[in-house]
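Summary of the model geometry
Each chain, written out:
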Amino acid sequence: MEDVRKEDLKNKKNPIIYKIMFVVIVATVVALLFFLFKDILIEIIKYTKADDQEAIKELMKEKGWFGYLTVIMVEALEMVVICIPAEFIQIPAGISFHPLISILLCDIGVCLGASIIFFIVHVLKFNSAYIENKQKKINTLASKKSGQSTQILMYFLFVTPIIPFGAICYYASNRKISYARYIFTCATGVLPSIVTSIFMGAGVKLFISNDLPLWALILIIFGLGTILFIGMFLIAKRYLFKGKKIRNTPNSLWSYLILFGFGLYTNLHGKFIYIEDEKYEELLQMKSPILFLSNHLSSHDIYAAFKYLYPIRPALVANRYYTRGKMSRWLLSVLGFIPKGLFSPDIEALRKMFKYVKEDTSILMYPEGRLSIDGNTYPITHGTSALAKKLDIPVVILKVQGSFLAASKWHKSNRRKRITIQVERIIQKEELESLNNQELDSIIKESLAHNEFEYALTIKNKEKNKAEKLGYVLYKCPRCKENYKLNGSGNTLKCECGFELNIDEHYQFNENEYGLKNIHDYYKWMKMEETKYIDSLDDDSIVIEEEVDVNKISFKGEKYDVHGTGVCTMTKDSFSFKGKFGDEEVSFTHTHKSLQALAFSVNEEYECYNDGILYYFYPKENRASCTRVALLYDILDEKYNNKN
């Protein structure tokens, strides 16, 4: 009992010790970096611009060994505290010193840092929740590649830009590996990454001196990054995935490159915060394939989910439309994409899901089936619970917040927004088997439920064009009750009748006589008004009818689309289309049993599948009606579901 108490006391002290060490080391790194930037880097940049090579040599001679020692110490110490990226010293080193000297200094620094970590783990027996937290994903990856040696895994991780050098060294130090083998692996494994950063720094130096044009600098950076990824690819293909089927699955090595490219876009607008709490730890311990369900606010959700779940690589279920280009079809195929027709039965998609589960691959689905229009969660698609129970694997529900503010269905922000993602609920197989479909539906709905404008109250956004294109979404004026008379400009939504709303830094409206607090509130008010309109009609009345241009979408590519014209008609019971494509006449009708919703693009088109063919409808009179048509159908579908 006494030993247990001593161990508990030790565990309580460790975080305090680590915090003190962390503060001291970070302070040291900051001091050294201040010296490097102030006394060396800035002066070198100044002399480089003036093309004064003699002044550079004189400066380095004057600083002596302390300049070299700074690079070594910063590289070593940033590994110990883990959180500081290695590039923070490597690129400046490439600017300050000769490339070969820079590579040697950084490699010595890595070896020193790796040795300190080895000493901390083996001699001081140091343990910290902070370090363990940084190693979670390495441990999960290692468990999936249990047949590989620690050395091979280290080589792979060192050329993976996601994981810090220090975390890799802490992980390896806790494994059965000799110091000689460990330090040799560190010294050689980090070289590709160091060389890449050093030559990027050297390229920047040449650019500053006007000896290298901007296009050449960009080409060098892109080329070096590509070489690093190819190295990672070859190591992984030769050792980590040897004998495994890696083609056309989410575990394909190409997925790293594709997702990195997608991240370059999404990161322009989002600062992702990945919440790694107890539920997340439970997720990493799960061995079987998993069905991931997530709310869907914007395209950023996909990148956030894939990065958050790494090294778990789920197969994404999404709109078949994205496979119609040759390049996109190949890229999505590599990612193990499962194409599905929106809001329509798709036997092929179901077959592929069951096939992936059988091959021990997880699935990622967005059960709303479409992007949010008002920052709130849409109803989940019919059959989600039945599918979850048929797949018979654990269900993990993810919650994303903030991505709607970063890139909504109609407007992309020019400022980075805080986007958080976390595990909201885990349903293990035992619990799943005990729930009926209605109970599971309720759990999923409750877990996915989100109001983006409540989240917006916790952040500030000083963007000056928050109302841009908003008139295409909030189309009905509360004062004059007219449709399509509102216009969004800057942070103001204004109607032709003079009604005006301003959006503040928390995405809230100014006080108004109608009590509309935000976009979600406004959209909810419009829904109430449209519900009154529908209720005022006779059962056999036409709810809305409009002439449209229409495209039959070809999955071979845009040039194969077939164009036509026709009329879309919505009644309380159905949605129908009647039109012509050249000499071919086409007509079809969907009830709410066969079509749950009309997907749409704001101020552009609405769409549906019929007999496996995708139709895009473009209103002739006013494209802003797309939002209204989709909302009217949602109201009617909700009435149908309540009735049945």
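Values in this document were obtained by computation on a predicted structure and should not be read as measured data.

1. A look at the overall build of the protein
The helix and strand inventory of the protein stands at 24 helices and 17 strands. A total of 644 residues make up the protein; the buried ones form 53% of that total. In the protein, of all internal contacts separated by at least 6 residues, the share reaching a separation of at least 24 is 70%. Carbon and sulfur atoms make up 56% of the accessible area of the protein, which totals about 30900 Å².

2. Topic: the pattern of salt bridges
Applying the stated rule across the entire model yields 19 salt bridges. A salt bridge links E431 to R425; its shortest N-O distance comes to 3.1 Å. Here K460 and E505 are joined by a salt bridge, their closest N and O atoms 3.8 Å apart. Of the two residues, K460 sits in the loop between α22 (452–455) and β8 (486–489) while E505 sits in the loop between β10 (500–502) and α23 (519–535), which places them 45 residues apart along the sequence. The partly exposed category is assigned to E505, whose relative accessible area is 29%.

3. Focus: the confidence of the model for the protein
Overall, the predicted model of the protein reaches an average pLDDT of 81, with 74% of residues at or above 70. Predicted confidence is poor over residues 240–248, with pLDDT under 50, and the contacts of this stretch with residues over four places away or in other chains come to 19 contacts.

4. As for unusual backbone geometry
Unusually for a residue other than glycine, D392 sits at a positive phi of about 60°. Inspection of the secondary structure assignment puts D392 in the loop between α18 (384–391) and β6 (395–401).

5. Points about the environment of R329
Its location among the elements puts R329 in helix α16 (residues 326–334). Judged by relative accessible area, R329 falls into the partly exposed class, the value being 32%. Distance in space between the C-alpha atoms of R329 and F555 is 9.3 Å, their sequence separation being 226 residues. Residue contacts for R329: discarding those within four places in its chain leaves Y322, T323, R324 and F555.

6. Describing a nonpolar patch on the surface
Together, I347, L350 and F354 line one region of the surface with nonpolar side chains, adding up to about 250 Å² of accessible area. Note that I347 resides in helix α17 (residues 347–358). Using a relative accessible area of 52% as the deciding quantity, one classes I347 as exposed.

7. Considerations on the pairing of strand β17 (residues 613–619)
The side chains of a regular strand alternate, first on one face of the sheet and then on the other. β17 sits mainly inside the fold: six of its seven residues count as buried. Sheet topology places strand β11 (residues 542–553) next to β17; six bridges connect them, and they run antiparallel. Bridging across to β17, K552 finds its partner in Y615. Remark: two residues form the turn of the hairpin made by strand β16 (residues 605–610) and β17, two consecutive strands paired antiparallel; D611 in that turn has positive phi of roughly 55°.

8. Notes on the packing of aromatic side chains
A complete count under the given rule lists 27 aromatic pairs for this structure. Where F453 meets Y507, the ring centres are 6.4 Å apart and the plane angle is 55°; that geometry is what we call tilted. On the criterion of sequence distance, the pair formed by F453 in helix α22 and Y507 in the loop between β10 and α23 is long-range, its members being 54 residues apart. Ring centres 6.4 Å apart and planes at 55° place the aromatic pair Y616 and Y618 in the tilted group. Of the two residues examined, Y616 and Y618, each falls in the buried class. Through pairs of rings, three or more aromatic residues link up here, namely F575, F577, F581, F588, Y606, Y615 and F617. Lying across the ring of Y378, R370 places its NZ or CZ 3.7 Å from the centre. The positively charged end of K466 is found above the aromatic ring belonging to Y507, 5.8 Å away from the centroid.

9. A few points about the sheet that holds β10
Pairing in this open sheet of three strands is antiparallel, and the strands run β8-β9-β10 from one edge to the other. The strands lining the two open edges of the sheet, one partner per strand, are β8 and β10. Sheet twist, expressed as the average angle between the axes of neighbouring strands with direction ignored, equals 15°. Two strands pair when backbone bridges link them, and strand β9 (residues 492–495) and β10 are joined in this way by three bridges, in the antiparallel orientation. In the sheet register, T492 faces β10, and the bridge partner there is N502.

10. Considering α18
Among all positions in α18, only T384, S385, L387, A388 and L391 are buried. Projected onto a plane normal to the axis of α18, the buried residues spread over an arc of 160° and lie on a single side. On its buried face, α18 sits against β2 (291–294), α17, β5 (363–365), β6, α20 (429–434) and α21 (437–448). A positive backbone phi angle near 60° is found at D392, which sits one or two residues after α18.

11. What about the nonpolar core?
Ranked by size, the top nonpolar core spans 63 residues in total, and within it L474, Y522 and F617 carry the most contacts. The leading source of residues in this core is helix α24 (residues 625–643), at eight residues. Residues in contact with L474, not counting those within four places in the same chain, are L486, L493, F509, I519, Y522, Y523 and M526. If you look at the next biggest cluster of nonpolar residues, it comprises 35 residues, including M79, F97, C106 and A172.

12. Things to note about the sheet that holds strand β7 (residues 417–427)
With mixed pairing, seven strands are arranged side by side in an open sheet as β1-β7-β6-β2-β5-β3-β4. This sheet does not close on itself; its edge strands, each paired only once, are β1 (270–274) and β4 (338–340). For this sheet, the mean inter-axis angle between neighbouring strands, taken without regard to orientation, is 25°. Alignment of β2 against β6, held across four bridges, turns out to be parallel. Bridge pairing in β6 places L291 opposite V395. Where helix α15 (residues 300–309) meets the sheet, it contacts β1, β2, β3 (315–319), β5, β6 and β7, and its direction lies at approximately 35° from that of β1.

Definitions and cut-offs
Residues numbered from 1 in each chain as written. Predicted model: local features only at pLDDT ≥ 70, side-chain atom pairs only at ≥ 80, totals over all residues. Heavy atoms only, no water. Helix = DSSP H or I, 4+ residues; strand = E, 2+ residues; numbered from the N terminus. Buried < 20%, exposed > 50% of the residue type's maximum accessible area, 1.4 Å probe, protein only. Contact = heavy atoms within 4.5 Å. Areas by Shrake-Rupley, 256 points an atom, 1.4 Å probe, with all protein chains shown as cover. Salt bridge = Lys/Arg side-chain N within 4 Å of Asp/Glu carboxyl O. pLDDT = per-residue confidence, 0-100. Patch = residues over 30% accessible without salt bridge, like charges linked within 9 Å, V, L, I, M, F, W, Y side chains within 5 Å. Pairing = 2+ DSSP bridges. Phe/Tyr/Trp six-rings, centres within 6.5 Å; stacked < 30°, edge-to-face > 60°. Lys NZ or Arg CZ within 6 Å of the ring centre and 35° of its normal. Axes fitted to C-alpha atoms, helices over the stretch in contact; angles between N-to-C directions. Arc of directions from axis to C-beta. Core = buried A, V, L, I, M, F, W, Y, C linked by side-chain atoms within 4.5 Å.

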